[in-house]
Amino acid sequence: MTHHHPANAERAAPRPFGRLLTAMVSPFTADGSLDLDGAARLAAYLVDEQGNDALVVNGTTGESPTTTDAEKERLVRAVVEAVGDRAQVVAGVGTNDTRHTIELAGAAEKAGAHGLLVVTPYYNKPPQAGLVRHFTEVADAATLPVMLYDIPHRSGVAIATETLLRLAEHERIVAVKDAKGDLVASSAVTTRTDLAYYSGEDALTLPALATGAVGLVGTSTHLTGALAKQMIEAYDRGDTAEALALHRRLLPLFTGIFRTQGTILVKAALAARGLPAGPVRPPLVEVTSDEMAQLRADCAAAGLELP
C-alpha cells in the first residue's frame, strides 16, 4: 500500500477537480493571434452551459505545441478572471524538458491557476526512473495540486503501474488523466492508492467509472458536456441504465470528434455554433468539407445538431 494523507484536504478529496473537465481549445482571431476575449466567453459557456467543474487550458487540445510561454500565461490569467470564481482552472504545463516544465508551472501559479496538468515527457522516451524524476521535481517545485497525464499513444512512453504507485506518495500528486486505454492497469492503481482517476478518453468514461475513476477530462465535451455530466452523475447515484443510455447516445460524438485531430473538429463545431474558436495554427489544418459533413452527421447521431 502507498501512503495515505488524510490530513491533506486536497489529497483526501475523492474528486480534487470535480467530475467534468474540458480540455479547452485556445480561440484565435482571424490572423491567428490569441483571442483572450473569446477565451473568456468560451470558458463561461463551458462552465455555465456545459456543466464543467474545471477547465484545462494549454493542453494539447489548446494547441500548446504552437502557443508561446507568454501566450500560455495570458490565457491562464484570462480564464481564471472569467470563471475562476465558479470553476477550477487547471494549467497544462507539461513539456519534454523538466526545467521548462517547472518554469511553466511557476508562471501558471502566478497567473492564478488552481492545478497543473503534467504530461509524460514525449519524444525523448525517458525510462521509468526518468519519469519519476521528472514528475517528482515538478511536483516538488510546485505549490498546486498536480494531475499526471498518461497518454502513451502521444508521448511514446506509458507511466508504468509501479511508477504511478510511487508517484502517488507525493502529497501534491493527486490525480491522473488516463488515456492509456488499459482499464486493468488503471484499476490496479485506483485500488492501491487514493489517486483520483479521470478518463482522458471520452468514450471510455463509463467503463472507467465502473473500475474506480471519478470523472472525465473531455474533448467532445465542448458539445457533449452537459450530457456527459448527467452520465457521470447517473452512474454515481447507481442509475447504471441511465448512464449506459447516455453513453450510447453520446458515443458517435465521443469518438467522432477524433476522426481527424480533435482540435480541428472542436474549433469547426464551435464556429458553426457561433462560439469563439477561430483558425488552427500549423501544422494543424482547417477542416475539409467532407470532414465537416461527417461531423454534422456525428452530432446529429448524438442528438446535438449543428446549426
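All figures in this text were calculated on a predicted structure; none of them were measured in a lab. (Residues numbered from 1 in each chain as written. Predicted model: local features only at pLDDT ≥ 70, side-chain atom pairs only at ≥ 80, totals over all residues. Heavy atoms only, no water.)

K.L.:
Explain the pattern of salt bridges residue by residue, including any values.
P.N.:
Scanning all chains against the criterion turns up 14 salt bridges. One salt bridge in this structure joins Arg237 and Asp239, with 4.0 Å as the shortest N-O distance. The class for Arg237 is exposed, based on a relative accessible area of 58%. Its relative accessible area of 30% is what places Asp239 among the partly exposed residues. Among the ionic pairs, Arg259 bridges to Asp298, the shortest N-O distance being 2.6 Å. With Arg259 in the loop between α11 (240–256) and α12 (262–272) and Asp298 in helix α13 (residues 289–301), this residue pair connects regions lying 39 residues apart in the sequence. Ionic contacts of the salt-bridge type, sharing partners, join the residues Arg15, Arg19 and Asp236 into one network. (Salt bridge = Lys/Arg side-chain N within 4 Å of Asp/Glu carboxyl O. Buried < 20%, exposed > 50% of the residue type's maximum accessible area, 1.4 Å probe, protein only. Helix = DSSP H or I, 4+ residues; strand = E, 2+ residues; numbered from the N terminus.)

K.L.:
Give me the lowdown on empty space enclosed by the protein, citing residues and values where you can.
P.N.:
Using the criterion set out here, one finds 3 cavities of 30 Å³ or more in the structure. Empty space within the largest cavity amounts to approximately 60 Å³. Counting only elements with at least two residues in the lining of the largest cavity, the list comes to α3 (69–83), β3 (88–92) and α4 (98–110). (1 Å grid on protein atoms, 1.4 Å probe; cavity = no way out; pocket = protein on both sides within 12 Å on 5 of 7 lines; lining within 4 Å. Points joined across faces, edges and corners; volume = space filled by probe spheres on them.)

K.L.:
Go over the sheet that holds strand β2 (residues 54–57) with me, naming the residues and quoting the values.
P.N.:
The 8 strands are arranged β1-β2-β3-β4-β5-β6-β7-β8 in a closed barrel whose pairing can be described as parallel. Strand-to-strand twist across the sheet, computed as the mean angle between neighbouring axes with direction ignored, equals 25°. In terms of strand pairing, β3 meets strand β4 (residues 115–119) through 3 bridges, oriented parallel. Among the inter-strand pairings, Val90 is bridged to a residue of β4, identified as Gly115. (Pairing = 2+ DSSP bridges. Axes fitted to C-alpha atoms, helices over the stretch in contact; angles between N-to-C directions.)

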